[in-house]
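# Notes for the structure review
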Amino acid sequence: MAPPTMEVLDIVVVVVYFLLVLVIGFFAMRRGNQNTVSGYFLAGRSMNWAAVGASLFVSNIGSEHFIGLAGSGALSGLSVAAWELNALLLLQVLGWVFIPVYIHSGVYTMPEYLSKRFGGKRLRVYFTILSLLLYIFTKLSVDLYAGALFIQESLGWNLYLSIILLITMTALLTVTGGLVAVIYTDTVQAFLMIGGALCLAGISFFKVGGLEGVRTKYMQATPNISAILLSSSNLTLSESCSHHLKPKPDSLKLLRGPLDPDLPWPGFLLGQTPASLWYWCSDQVIVQRVLAAKNIAHAKGSTLMAGFLKILPMFIIVIPGMIARILFPNELVCVSPEHCMEMCGTATGCSNVAYPRLVMSVMPAGLRGLMMAVMIAALMSDLDSIFNSASTIFTLDIYQMVRKRVSSRELVLVGRLFVVFMVVISIAWVPVIIEMQGGQIFYYIQEVSGYLTPPIAALFLLGTLWKRCNEAGAFWGAMCGFVLGALRLVLVFIYREPHCSQPDQRPTFIKDVHFMYVAAVLFWLSALVTVVVSLCTPPPTKEQIRTTTLWGLQRIKRSKEQETEESGNYINALKPLNSFLNKEEPEDPPDQLYGQHEVLPNSYGIKSNHINGQHVCRSPMSGPNNTQEEAGRERHEEEEDCFGGGGEQGRCTKALWWCCGLHKNPTRTRVTTGQEQQKVVSELLHEPPATRILLNVGLVTIGSVGIFIFIYFSLWV
């Protein structure tokens, strides 16, 4: 019997959700300062730990998680949940190791960090292009396919119409509101997503008798071969396809034997964990959210919150996928490629429809609409995160490199136009998505990432922890790993896994060597090449490691404490003189002199000043001692190149500014001295002693919980 379809009440719930998200997005656009780079790309560094933590969770849990995790759970059991628990631990590495360094170095993007840490442009360009490619091949493509698959299962709508609608609404939200809108809507969507998934998990557990029922019934979830063959006269059962009809003996374990085809524990610990380090500690989508926190305490609090939330997917996504196999074995476990084509329209397998099939069959009217909204929330959240972060990387690491003289206003506008470009590319990519759907989409993401990202993980880890690592070592280590990983990826696409009814004639090094072991070789080889080349070439300059390494951060903290103690007497002695000077020459309030104050790190190449009441864009080429004539010339370039002209604007131009949130007068920014920048960084990195203790207790707690779950469910029988 066909599963129920969406009813009027379900559609109403979905429509109300869309309206709620758009209202929140436009509210964020009106409330936030979108005219500055920091305001648009880092939400003005004004978000608290709860909002950032919720945004971290929702940005990661996209539609590919609901489809992919549940599908892999239905096909191979609990092992796929290991990625979620691994993220629980890696998030804390981000909060305690990497984020303090990123804040101290004053960067917006990860390619920019590489540029400051190592110097030169080749590493920055390499990482930028690789990140954008990964966004397309492992995020946008899979997200769009997963969202389209759920829409087809639940509504039966036209595929392209649904995709265009979702992408358009997501782009509208991202273009208008920037990261403020993304984080605000992510916070709402986190509650919606968790609430809906908990409802489905509760109903599903009740139907099978709880966790103990899952343990016993899953191992017996096999399709009724006789009934399937009788239902279709042209189906035949191949002997080679019968091996996957029964659940694997170790399906209830997280970490498995060294030769397991799903999750070999040595490969996971030595290869997959470093590969995941790239995503959780140096991917723009994740890091950009944590950098939006008010200070380091809120940043660490957000990673703790996101870590606790990462416990949920195992119980609200993976295990419900296993329950779907218990309830619908004849539909999810194919006996042949022809059977798969009849059930779900693809010959590679039907495990990807496990979650939408469970939603449409188990949830009552109204709650089905809620789950539809949850899936839309997951898809839109992932897409708006990708759009915002990809536009940040493109704008600050490619556009600004090509165009030297640029204002904050122009950067924000170009970032929003790049979102539109990403929308067009995403829609054009839909036909390719259909061809690339494969079997388990979550494993597809991990395999592609496992071939391309381990060298990046080694580069960031050594660059942060080892001050002797230089640009030559980092570049050649990254190139060595990239060439080998790309070669393996090309071979995997050439020698694709055949259907179960066909003989497997792939080479042994493709068929029998798990991608996690390849990731381990790539990571450690890249690290070795980086170390050897760095030791054989001149060390980096002190300026390159002063603010971009963990050891430089610790040294500066100690020196600041000593300076504070030594300068106490001098400050007290100067108080009478300061009072006298303040009475004689009162200063203008900063808000009146400069408008809204914003500190822009010098490394961005965006400097602005006020000469004769005019706002002037400065590039790194222009020094602080420009004459009045140079200032006039720069004002002319500002009018032409920085979108800062003061002439009368037409209606179309005003409409464009309003749509992009730039209808207000541009925020004036001023150049800050090195001491002022150090003061801002010190405030961002300051942790009160009581707060530090509380955060460290949370760190120990979340680490202990993650390790316990790993051990318990690896031994669960």
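Read on for an overview of the structure. The structure presented is a predicted model; accordingly, all values stated were derived computationally and were not measured.

With that settled, the discussion passes to the state of the cysteines. Taken as a whole, this structure holds one disulfide when the rule is applied. A sulfur-sulfur separation of 2.3 Å characterises the disulfide bridge that pairs C334 with C340. Between C334 and C340, the disulfide has an S-S torsion of 130° and is therefore right-handed. Taking relative accessible area as the criterion, C334 reaches 4% and is therefore assigned buried.

In this model helix 7 (residues 122-154) runs 47 Å from its N-terminal to its C-terminal C-alpha over 33 residues, within 8% of the 48 Å that 1.5 Å per residue would give. When the local axis directions of helix 7 are compared, the greatest deviation, roughly 35°, occurs at I136. Phi for G156, located one or two positions after helix 7, is positive at around 75°.

For the coordinates displayed, the defined rule picks out five cavities of 30 Å³ or more. Within this model, the largest cavity holds a volume of roughly 400 Å³. What lines the largest cavity is a set of 28 residues, and nearest its centre among them are N60, H65, Y279, I445 and Q446. Across the lining of the largest cavity, the residue classes break down as eleven nonpolar, eleven polar and six charged.

We now examine the packing of helix 11 (residues 265-282) against helix 24 (residues 515-536). Look at helix 11 against helix 24: their axes get within 7 Å of each other, and the N-to-C directions meet at 55°. With respect to their mutual orientation, helix 11 and helix 24 come out oblique. Here helix 11 runs over helix 24; the crossing is left-handed. Contacts from P266, G267, F268, L270, G271, Q272 and P274 of helix 11 reach helix 24 at F515, M516, Y517, A519, A520, F523 and W524. Here the residues of the contact of helix 11 with helix 24 are counted per class, giving eleven nonpolar, three polar and no charged.

Residues F66, W83, L94, I99, Y102, Y355 and F460 are the most contacted members of the largest nonpolar core, which totals 171 residues. The dominant element in this core, judged by the number of residues it contributes, is helix 7, at 17 residues. When sequence neighbours within four positions are dropped, the list of residues in contact with Y102 reads V107, M110, Y113, C281, S282, V287, L291 and F460.

The subject of this paragraph is a nonpolar patch on the surface. A grouping of V125, I129, L133 and F137 is seen on the molecular surface, where their side chains present a nonpolar patch of about 310 Å² in accessible area. Inspection of the secondary structure assignment puts L133 in helix 7. Classification of L133 by relative accessible area gives partly exposed; the value is 41%.

Now for the pattern of salt bridges. Overall, the coordinates contain twelve salt bridges when judged by the stated rule. One salt bridge in this structure joins R403 and E410, with 2.7 Å as the shortest N-O distance. Taking the relative accessible area as the measure of exposure, R403 reaches 28% and is therefore partly exposed. The salt bridge involving E543 is made with R546; its shortest N-O contact spans 3.4 Å. Here E543 and its partner R546 are both found in helix 25 (residues 542-546), three residues apart, which amounts to about one turn of the helix. R546 gets classed as partly exposed once you look at its relative accessible area, which sits at 32%. One salt-bridge network, in which partners are shared between bridges, spans K248, R256, D260 and D262.

Calculation notes
- Residues numbered from 1 in each chain as written.
- Predicted model: local features only at pLDDT ≥ 70, side-chain atom pairs only at ≥ 80, totals over all residues.
- Heavy atoms only, no water.
- Disulfide = S-S within 2.5 Å.
- Buried < 20%, exposed > 50% of the residue type's maximum accessible area, 1.4 Å probe, protein only.
- Helix = DSSP H or I, 4+ residues; strand = E, 2+ residues; numbered from the N terminus.
- Expected span 1.5 Å × (residues − 1).
- Bend = angle between axes of the 7 residues up to and from the residue.
- 1 Å grid on protein atoms, 1.4 Å probe; cavity = no way out; pocket = protein on both sides within 12 Å on 5 of 7 lines; lining within 4 Å.
- Points joined across faces, edges and corners; volume = space filled by probe spheres on them.
- Nonpolar A, V, L, I, M, F, W, Y, C, P; charged D, E, K, R; others polar.
- Axes fitted to C-alpha atoms, helices over the stretch in contact; angles between N-to-C directions.
- Parallel < 35°, antiparallel > 145°, perpendicular 65-115°, else oblique.
- Left-handed = near helix turned anticlockwise from the far one by under 90°.
- Contact = heavy atoms within 4.5 Å.
- Core = buried A, V, L, I, M, F, W, Y, C linked by side-chain atoms within 4.5 Å.
- Patch = residues over 30% accessible without salt bridge, like charges linked within 9 Å, V, L, I, M, F, W, Y side chains within 5 Å.
- Areas by Shrake-Rupley, 256 points an atom, 1.4 Å probe, with all protein chains shown as cover.
- Salt bridge = Lys/Arg side-chain N within 4 Å of Asp/Glu carboxyl O.

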